[in-house]
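Observations on the model geometry
The primary structure of each chain is shown beneath.
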Amino acid sequence: MKILVSGAGVAGLASAINLGTRGHDVTVVEYGRDLRFSGSPIDIRGDALGIADRMGLLTTIRAQRIDTTELAQFVDADGRPVAAAPIEEASDSPDDVEIAREDLMRTIADAVPDPDVIRFGDSVEELTDDGDGVDVRFRSGRTDRYDLVIGADGMHSAVRRLVFGPERDYVKHLGVYIAYADLPGEGSRPDRVSTLYNVPGRMAGVIRFKDRALAAFMFRSDWLDYDHHDLVAQKKLLADAFTDVTSWRVPELLDAALADPALFFDSASQIHMPSWHRGRVALVGDAAHCAAFLSGRGTSLALTGAWFLAEELDRAGGDHTVAFERYEARQRPYATFAQESIGKGRETLIPATWEDIEARNERLRLGS
(Lines give C-alpha, C1' and ligand atoms only; values in the text may rest on other atoms or scores of the structure.)
Protein backbone atom coordinates (compact mmCIF):
# COMPACT_ATOMS: atom_id res chain seq x y z
CA MET A 1 0.00 0.00 0.00
CA LYS A 2 0.93 3.62 -0.45
CA ILE A 3 1.22 5.03 3.08
CA LEU A 4 1.92 8.55 4.35
CA VAL A 5 3.55 8.93 7.78
CA SER A 6 3.35 12.40 9.31
CA GLY A 7 6.27 13.08 11.64
CA ALA A 8 9.92 11.97 11.69
CA GLY A 9 10.37 11.39 15.40
CA VAL A 10 10.87 7.95 16.94
CA ALA A 11 7.31 6.81 16.19
CA GLY A 12 7.43 8.08 12.60
CA LEU A 13 10.83 6.64 11.74
CA ALA A 14 9.99 3.32 13.41
CA SER A 15 6.79 3.21 11.36
CA ALA A 16 8.78 3.90 8.20
CA ILE A 17 11.13 1.01 9.02
CA ASN A 18 8.43 -1.50 9.94
CA LEU A 19 6.14 -0.62 7.04
CA GLY A 20 8.94 -0.23 4.49
CA THR A 21 10.55 -3.57 5.28
CA ARG A 22 7.14 -5.21 4.78
CA GLY A 23 6.96 -3.89 1.22
CA HIS A 24 4.76 -0.83 1.59
CA ASP A 25 5.44 2.38 -0.35
CA VAL A 26 6.09 4.81 2.51
CA THR A 27 6.52 8.59 2.49
CA VAL A 28 7.42 10.47 5.70
CA VAL A 29 6.67 14.18 5.90
CA GLU A 30 8.32 16.25 8.64
CA TYR A 31 7.55 19.85 9.61
CA GLY A 32 11.13 20.53 10.72
CA ARG A 33 14.07 21.12 8.41
CA ASP A 34 15.98 18.15 9.84
CA LEU A 35 15.70 15.38 12.40
CA ARG A 36 15.63 16.64 15.99
CA PHE A 37 18.75 15.34 17.70
CA SER A 38 18.73 17.71 20.68
CA GLY A 39 17.08 16.86 23.97
CA SER A 40 17.61 14.90 27.13
CA PRO A 41 18.60 11.22 27.22
CA ILE A 42 15.68 8.82 26.88
CA ASP A 43 14.81 5.35 28.14
CA ILE A 44 13.81 2.13 26.39
CA ARG A 45 12.02 -0.27 28.70
CA GLY A 46 10.23 -3.59 28.95
CA ASP A 47 8.78 -5.14 25.80
CA ALA A 48 10.11 -2.26 23.71
CA LEU A 49 13.57 -3.80 24.10
CA GLY A 50 12.31 -6.96 22.40
CA ILE A 51 10.76 -4.89 19.63
CA ALA A 52 14.06 -3.03 19.12
CA ASP A 53 15.77 -6.42 18.88
CA ARG A 54 13.30 -7.66 16.25
CA MET A 55 13.90 -4.44 14.31
CA GLY A 56 17.64 -5.18 14.36
CA LEU A 57 18.45 -2.12 16.49
CA LEU A 58 19.08 -3.43 20.00
CA THR A 59 22.77 -4.32 19.68
CA THR A 60 23.59 -0.82 18.45
CA ILE A 61 21.36 0.77 21.09
CA ARG A 62 22.97 -1.17 23.93
CA ALA A 63 26.44 -0.31 22.67
CA GLN A 64 25.58 3.39 23.17
CA ARG A 65 24.04 2.99 26.62
CA ILE A 66 24.58 5.75 29.19
CA ASP A 67 23.69 6.11 32.89
CA THR A 68 22.86 9.71 33.77
CA THR A 69 20.59 8.77 36.70
CA GLU A 70 23.49 7.10 38.50
CA LEU A 71 25.43 10.37 38.46
CA ALA A 72 22.77 12.91 39.43
CA GLN A 73 22.38 14.89 42.63
CA PHE A 74 20.36 17.74 44.07
CA VAL A 75 22.41 20.71 45.27
CA ASP A 76 21.83 23.81 47.39
CA ALA A 77 22.40 27.45 46.41
CA ASP A 78 26.15 27.06 46.98
CA GLY A 79 26.35 23.99 44.77
CA ARG A 80 26.81 21.58 47.68
CA PRO A 81 25.15 18.16 47.31
CA VAL A 82 22.09 17.74 49.53
CA ALA A 83 20.66 14.46 48.20
CA ALA A 84 21.24 11.86 45.50
CA ALA A 85 18.71 11.53 42.69
CA PRO A 86 16.38 8.54 43.29
CA ILE A 87 17.61 5.90 40.86
CA GLU A 88 14.96 3.41 41.96
CA GLU A 89 12.22 5.88 40.97
CA ALA A 90 13.68 6.39 37.51
CA SER A 91 14.03 2.75 36.43
CA ASP A 92 11.82 -0.30 36.08
CA SER A 93 14.64 -2.85 36.01
CA PRO A 94 18.38 -3.17 35.34
CA ASP A 95 17.48 -4.16 31.77
CA ASP A 96 16.26 -0.62 30.98
CA VAL A 97 18.47 1.15 28.45
CA GLU A 98 19.15 4.88 28.67
CA ILE A 99 20.53 6.42 25.49
CA ALA A 100 21.24 9.92 24.21
CA ARG A 101 18.43 11.11 21.97
CA GLU A 102 20.87 11.94 19.17
CA ASP A 103 22.26 8.39 19.23
CA LEU A 104 18.83 6.77 19.14
CA MET A 105 17.61 9.03 16.35
CA ARG A 106 20.69 8.32 14.23
CA THR A 107 20.36 4.57 14.87
CA ILE A 108 16.71 4.55 13.80
CA ALA A 109 17.24 6.92 10.87
CA ASP A 110 20.07 4.74 9.56
CA ALA A 111 17.70 1.76 9.56
CA VAL A 112 15.05 3.41 7.36
CA PRO A 113 15.19 1.33 4.15
CA ASP A 114 15.28 4.40 1.91
CA PRO A 115 16.26 7.71 3.55
CA ASP A 116 14.92 9.59 0.51
CA VAL A 117 11.35 8.80 1.62
CA ILE A 118 11.67 11.50 4.32
CA ARG A 119 10.50 14.92 3.10
CA PHE A 120 11.54 17.76 5.40
CA GLY A 121 10.10 21.24 5.75
CA ASP A 122 6.53 20.26 4.95
CA SER A 123 3.41 19.12 6.79
CA VAL A 124 -0.13 17.92 6.28
CA GLU A 125 -2.55 20.77 5.73
CA GLU A 126 -5.75 18.99 4.71
CA LEU A 127 -7.03 15.39 4.67
CA THR A 128 -10.01 14.00 2.77
CA ASP A 129 -10.86 10.33 3.39
CA ASP A 130 -13.45 9.14 0.85
CA GLY A 131 -13.41 5.53 2.02
CA ASP A 132 -11.26 4.26 -0.84
CA GLY A 133 -8.23 6.43 -0.12
CA VAL A 134 -7.06 9.67 1.47
CA ASP A 135 -6.40 12.83 -0.52
CA VAL A 136 -3.76 14.99 1.16
CA ARG A 137 -2.88 18.60 0.61
CA PHE A 138 0.43 19.72 2.11
CA ARG A 139 1.54 23.09 3.43
CA SER A 140 3.88 23.34 0.44
CA GLY A 141 0.88 23.19 -1.91
CA ARG A 142 1.71 19.67 -3.08
CA THR A 143 -1.16 17.15 -3.25
CA ASP A 144 -1.20 13.36 -3.34
CA ARG A 145 -3.41 10.36 -2.63
CA TYR A 146 -2.61 7.54 -0.19
CA ASP A 147 -4.15 4.26 0.88
CA LEU A 148 -3.44 5.05 4.57
CA VAL A 149 -2.23 7.99 6.63
CA ILE A 150 -0.36 7.46 9.91
CA GLY A 151 -0.19 10.38 12.32
CA ALA A 152 3.11 10.09 14.18
CA ASP A 153 3.48 13.84 14.67
CA GLY A 154 3.64 14.08 18.42
CA MET A 155 1.52 15.56 21.18
CA HIS A 156 0.60 18.56 18.99
CA SER A 157 -0.38 16.31 16.07
CA ALA A 158 -1.74 18.04 12.97
CA VAL A 159 -3.23 14.76 11.74
CA ARG A 160 -5.13 14.30 15.00
CA ARG A 161 -6.46 17.86 14.82
CA LEU A 162 -7.61 17.46 11.21
CA VAL A 163 -9.27 14.07 11.68
CA PHE A 164 -10.37 13.93 15.32
CA GLY A 165 -10.73 17.57 16.37
CA PRO A 166 -8.78 20.17 18.40
CA GLU A 167 -6.03 19.23 20.83
CA ARG A 168 -7.93 20.69 23.79
CA ASP A 169 -10.49 17.88 23.45
CA TYR A 170 -7.87 15.27 24.34
CA VAL A 171 -5.11 16.93 26.36
CA LYS A 172 -4.66 16.48 30.12
CA HIS A 173 -2.16 18.99 31.47
CA LEU A 174 -0.07 17.77 34.42
CA GLY A 175 0.82 21.23 35.67
CA VAL A 176 4.48 21.24 34.59
CA TYR A 177 6.57 22.77 31.79
CA ILE A 178 10.03 21.64 30.77
CA ALA A 179 12.86 23.12 28.72
CA TYR A 180 16.27 21.90 27.54
CA ALA A 181 19.10 23.85 25.93
CA ASP A 182 22.65 23.04 24.87
CA LEU A 183 25.54 24.09 27.11
CA PRO A 184 28.57 24.19 24.80
CA GLY A 185 31.82 23.37 26.56
CA GLU A 186 30.12 22.31 29.81
CA GLY A 187 30.14 18.61 29.00
CA SER A 188 33.92 18.21 29.22
CA ARG A 189 33.95 17.90 33.02
CA PRO A 190 35.57 14.57 33.96
CA ASP A 191 33.11 13.71 36.76
CA ARG A 192 30.02 13.88 34.49
CA VAL A 193 27.83 14.57 37.52
CA SER A 194 24.39 16.03 36.73
CA THR A 195 23.29 18.70 39.22
CA LEU A 196 19.74 19.82 39.98
CA TYR A 197 18.75 22.88 42.00
CA ASN A 198 15.31 23.76 43.36
CA VAL A 199 13.41 26.79 44.50
CA PRO A 200 9.69 26.33 45.24
CA GLY A 201 7.84 25.12 42.17
CA ARG A 202 10.91 25.34 39.93
CA MET A 203 14.02 23.38 39.06
CA ALA A 204 17.12 24.29 37.06
CA GLY A 205 19.99 21.95 36.42
CA VAL A 206 22.85 20.73 34.31
CA ILE A 207 22.43 17.28 32.74
CA ARG A 208 25.73 15.71 31.69
CA PHE A 209 26.15 12.65 29.49
CA LYS A 210 28.91 11.47 27.18
CA ASP A 211 30.79 14.68 26.26
CA ARG A 212 27.67 16.86 26.28
CA ALA A 213 25.70 18.94 28.75
CA LEU A 214 22.22 20.43 28.75
CA ALA A 215 20.66 23.21 30.78
CA ALA A 216 17.42 21.76 32.12
CA PHE A 217 14.42 23.64 33.49
CA MET A 218 11.10 22.59 34.98
CA PHE A 219 8.42 24.73 36.53
CA ARG A 220 4.89 24.32 37.80
CA SER A 221 2.23 26.22 35.91
CA ASP A 222 -1.38 26.07 34.81
CA TRP A 223 -1.95 25.65 31.07
CA LEU A 224 -0.19 28.31 28.99
CA ASP A 225 -1.67 29.29 25.64
CA TYR A 226 1.04 29.82 23.01
CA ASP A 227 2.05 28.70 19.52
CA HIS A 228 4.27 25.63 20.00
CA HIS A 229 6.12 26.58 16.78
CA ASP A 230 6.92 30.09 18.12
CA LEU A 231 10.40 29.91 19.64
CA VAL A 232 10.33 33.57 20.71
CA ALA A 233 7.13 32.99 22.67
CA GLN A 234 8.58 29.87 24.29
CA LYS A 235 11.72 31.71 25.39
CA LYS A 236 9.64 34.49 26.90
CA LEU A 237 7.60 32.00 28.93
CA LEU A 238 10.79 30.37 30.20
CA ALA A 239 12.37 33.72 31.06
CA ASP A 240 9.24 34.87 32.89
CA ALA A 241 9.25 31.70 34.98
CA PHE A 242 12.88 32.08 36.16
CA THR A 243 13.72 35.76 35.84
CA ASP A 244 13.48 36.38 39.60
CA VAL A 245 15.71 33.40 40.53
CA THR A 246 19.24 34.70 41.03
CA SER A 247 20.66 31.89 43.19
CA TRP A 248 23.05 29.10 42.20
CA ARG A 249 23.77 29.12 38.42
CA VAL A 250 20.22 29.90 37.31
CA PRO A 251 20.91 33.26 35.57
CA GLU A 252 23.83 31.76 33.66
CA LEU A 253 21.80 28.72 32.57
CA LEU A 254 18.86 30.89 31.60
CA ASP A 255 21.09 33.07 29.41
CA ALA A 256 22.34 29.92 27.64
CA ALA A 257 18.80 28.72 27.08
CA LEU A 258 17.63 32.04 25.65
CA ALA A 259 20.60 32.02 23.27
CA ASP A 260 19.98 28.48 22.00
CA PRO A 261 18.30 28.46 18.55
CA ALA A 262 17.23 24.85 19.16
CA LEU A 263 15.68 25.29 22.61
CA PHE A 264 13.15 22.58 23.47
CA PHE A 265 10.12 23.80 25.42
CA ASP A 266 6.83 22.04 26.06
CA SER A 267 4.30 21.07 28.69
CA ALA A 268 4.12 17.82 30.61
CA SER A 269 0.75 16.72 29.31
CA GLN A 270 -1.02 13.55 28.30
CA ILE A 271 -3.26 12.71 25.37
CA HIS A 272 -6.35 10.61 26.16
CA MET A 273 -8.48 9.39 23.25
CA PRO A 274 -11.30 6.84 23.07
CA SER A 275 -9.97 5.63 19.71
CA TRP A 276 -6.75 6.14 17.77
CA HIS A 277 -8.12 5.42 14.30
CA ARG A 278 -10.84 6.69 12.03
CA GLY A 279 -11.40 5.42 8.51
CA ARG A 280 -8.04 5.12 6.78
CA VAL A 281 -6.18 7.24 9.34
CA ALA A 282 -4.46 5.98 12.49
CA LEU A 283 -2.31 7.60 15.17
CA VAL A 284 0.85 6.19 16.78
CA GLY A 285 3.17 7.40 19.54
CA ASP A 286 2.52 10.66 21.37
CA ALA A 287 -0.09 11.68 18.80
CA ALA A 288 -2.30 8.85 20.09
CA HIS A 289 -1.41 8.51 23.76
CA CYS A 290 1.28 10.88 25.00
CA ALA A 291 2.16 9.77 28.53
CA ALA A 292 4.29 12.86 29.35
CA PHE A 293 8.02 12.89 30.07
CA LEU A 294 7.28 12.22 33.77
CA SER A 295 6.50 8.60 32.83
CA GLY A 296 9.80 7.96 31.05
CA ARG A 297 7.99 5.65 28.62
CA GLY A 298 7.23 7.71 25.52
CA THR A 299 9.99 6.18 23.40
CA SER A 300 9.04 2.66 24.44
CA LEU A 301 5.43 3.33 23.46
CA ALA A 302 6.55 4.71 20.10
CA LEU A 303 8.49 1.52 19.35
CA THR A 304 5.79 -0.94 20.41
CA GLY A 305 3.01 0.99 18.69
CA ALA A 306 4.85 1.30 15.38
CA TRP A 307 5.65 -2.42 15.43
CA PHE A 308 2.12 -3.56 16.34
CA LEU A 309 0.56 -1.37 13.66
CA ALA A 310 2.80 -2.67 10.88
CA GLU A 311 2.53 -6.26 12.06
CA GLU A 312 -1.26 -6.16 12.23
CA LEU A 313 -1.50 -4.68 8.72
CA ASP A 314 0.60 -7.61 7.57
CA ARG A 315 -1.52 -10.18 9.42
CA ALA A 316 -4.77 -8.67 8.14
CA GLY A 317 -3.60 -8.81 4.54
CA GLY A 318 -3.88 -5.04 4.23
CA ASP A 319 -7.40 -4.82 5.69
CA HIS A 320 -6.88 -1.60 7.61
CA THR A 321 -10.18 -1.84 9.49
CA VAL A 322 -9.18 -5.13 11.10
CA ALA A 323 -5.54 -4.11 11.50
CA PHE A 324 -6.26 -0.82 13.26
CA GLU A 325 -8.59 -2.51 15.76
CA ARG A 326 -6.03 -5.20 16.55
CA TYR A 327 -3.20 -2.67 16.82
CA GLU A 328 -5.15 -0.62 19.33
CA ALA A 329 -6.14 -3.68 21.35
CA ARG A 330 -2.47 -4.65 21.70
CA GLN A 331 -1.10 -1.16 22.35
CA ARG A 332 -3.80 0.20 24.67
CA PRO A 333 -2.60 -1.67 27.82
CA TYR A 334 0.92 -0.32 27.36
CA ALA A 335 -0.36 3.23 26.95
CA THR A 336 -2.65 3.00 29.96
CA PHE A 337 0.14 1.64 32.15
CA ALA A 338 2.51 4.39 31.04
CA GLN A 339 -0.01 7.15 31.65
CA GLU A 340 -0.63 5.80 35.14
CA SER A 341 3.11 5.60 35.90
CA ILE A 342 3.95 9.27 36.39
CA GLY A 343 4.02 8.56 40.13
CA LYS A 344 5.92 10.99 42.33
CA GLY A 345 7.83 12.63 39.50
CA ARG A 346 6.51 16.16 40.02
CA GLU A 347 6.86 16.08 43.80
CA THR A 348 10.40 14.68 43.56
CA LEU A 349 11.71 16.97 40.84
CA ILE A 350 9.87 20.21 41.60
CA PRO A 351 8.54 20.37 45.17
CA ALA A 352 6.06 23.19 45.69
CA THR A 353 7.47 24.81 48.87
CA TRP A 354 10.75 25.15 50.77
CA GLU A 355 9.32 22.71 53.33
CA ASP A 356 8.58 20.21 50.57
CA ILE A 357 12.10 20.61 49.18
CA GLU A 358 13.65 19.84 52.58
CA ALA A 359 11.28 16.90 53.12
CA ARG A 360 12.24 15.51 49.69
CA ASN A 361 15.93 15.85 50.51
CA GLU A 362 15.49 14.17 53.87
CA ARG A 363 13.51 11.31 52.32
CA LEU A 364 16.23 10.74 49.73
CA ARG A 365 19.04 10.93 52.28
CA LEU A 366 17.31 8.33 54.49
CA GLY A 367 16.60 6.14 51.48
CA SER A 368 20.23 6.12 50.42
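Residues numbered from 1 in each chain as written. Predicted model: local features only at pLDDT ≥ 70, side-chain atom pairs only at ≥ 80, totals over all residues. Heavy atoms only, no water.

1. Quick look at the layout of surface pockets
Its boundaries defined by the atoms lining it, the second largest pocket holds a volume of some 160 Å³. Lining the second largest pocket are eleven residues; nearest its centre among them are Arg45, Gly46, Arg297, Ser300 and Tyr334. Elements represented by at least two residues in the lining of the second largest pocket include exactly α2 (47-54), α10 (298-315) and α11 (320-339). The element contributing the most residues to the lining of the second largest pocket is α10, with three residues. Split by residue class, the lining of the second largest pocket holds four nonpolar, three polar and four charged. (1 Å grid on protein atoms, 1.4 Å probe; cavity = no way out; pocket = protein on both sides within 12 Å on 5 of 7 lines; lining within 4 Å. Points joined across faces, edges and corners; volume = space filled by probe spheres on them. Helix = DSSP H or I, 4+ residues; strand = E, 2+ residues; numbered from the N terminus. Nonpolar A, V, L, I, M, F, W, Y, C, P; charged D, E, K, R; others polar.)

2. Description of the packing of helix α1 (residues 10-20) against helix α5 (residues 101-111)
At a minimum axis distance of 9 Å, the contact between α1 and α5 shows a crossing angle of 25°. When the interaxial angle is binned, α1 and α5 end up roughly parallel. Seen from above, α1 lies across α5 with left-handed handedness. Between α1, through Val10, Leu13, Ala14 and Ile17, and α5, the contact on the second element is made entirely by Leu104, Met105, Ile108, Ala109 and Ala111. In the contact of α1 with α5, the residues fall into nine nonpolar, no polar and no charged. (Axes fitted to C-alpha atoms, helices over the stretch in contact; angles between N-to-C directions. Parallel < 35°, antiparallel > 145°, perpendicular 65-115°, else oblique. Left-handed = near helix turned anticlockwise from the far one by under 90°. Contact = heavy atoms within 4.5 Å.)

3. Describing the nonpolar core
One finds Leu13, Val136 and Leu303 to be the most contacted residues of the largest nonpolar core, which totals 72 residues. Looking at this core, the element that brings in the most residues is α10, giving eight residues. Beyond its immediate chain neighbours, meaning those up to four positions away, valine 136 contacts Leu4, Val124, Glu126, Leu127, Arg142, Thr143, Asp144, Tyr146 and Val149. (Core = buried A, V, L, I, M, F, W, Y, C linked by side-chain atoms within 4.5 Å. Buried < 20%, exposed > 50% of the residue type's maximum accessible area, 1.4 Å probe, protein only.)

4. Some thoughts on the sheet that holds strand β8 (residues 118-120)
One open sheet accounts for six strands, arranged β8-β2-β1-β12-β19-β18; its pairing is mixed. This sheet does not close on itself; its edge strands, each paired only once, are β8 and β18 (277-278). In this sheet, strand β19 (residues 281-283) lies alongside strand β12 (residues 148-151) in parallel orientation, the contact comprising three bridges. Bridging across to β19, valine 149 finds its partner in valine 281. (Pairing = 2+ DSSP bridges.)

5. Quick notes on the pairing of strand β14 (residues 194-199)
Working note: regular strand, side chains alternate between the two faces of the sheet. For β14, the buried fraction is high: six of the six residues fall into the buried class. Burial of the side chains of β14 extends over both faces: Ser194, Leu196 and Asn198 are buried on one face and Thr195, Tyr197 and Val199 on the other. Note that strand β5 (residues 72-75) and β14 share four bridges and pair parallel. In the strand pairing of β14, phenylalanine 74 is matched with leucine 196. The pairing of β14 with strand β15 (residues 202-209) spans five bridges and is antiparallel.

6. A word on the packing of aromatic side chains
The final tally for this structure, using the stated rule, is ten aromatic pairs. Note on tyrosine 177 and phenylalanine 265: the rings are 5.7 Å apart at their centroids and 20° apart in plane angle, and the pair reads as stacked. In this pair, tyrosine 177 sits in strand β13 (residues 171-182) while phenylalanine 265 sits in strand β17 (residues 264-271), placing the two residues 88 residues apart along the sequence. Assigned by exposure class, tyrosine 177 and phenylalanine 265 land together as buried. An aromatic cluster of at least three residues, connected via ring pairs, comprises Tyr177, Phe217, Phe219, Tyr226, Phe242 and Phe265. The cationic tip of arginine 22 hangs over the ring face of tryptophan 307; the distance from NZ or CZ to the ring centre is 4.8 Å. When the ring centre of phenylalanine 138 is taken as origin, the NZ or CZ atom of arginine 119, which lies over that ring, is 4.5 Å away. (Phe/Tyr/Trp six-rings, centres within 6.5 Å; stacked < 30°, edge-to-face > 60°. Lys NZ or Arg CZ within 6 Å of the ring centre and 35° of its normal.)

7. What about the side chain of glutamate 328?
Locating glutamate 328 in the fold gives a position in helix α11. On the basis of relative accessibility, which here comes to 10%, the residue glutamate 328 falls in the buried class. Aside from chain neighbours lying at most four places away, what touches glutamate 328 is Pro274, Ser275, Trp276 and His277.

8. Description of α10
With 18 residues, α10 should cover 26 Å at 1.5 Å per step; its first-to-last C-alpha distance of 26 Å lies within 8% of that length. Most of α10 is tucked away: 15 of the 18 residues are buried. Positive phi shows up at glycine 317, right after α10, with a value of about 65°. (Expected span 1.5 Å × (residues − 1).)

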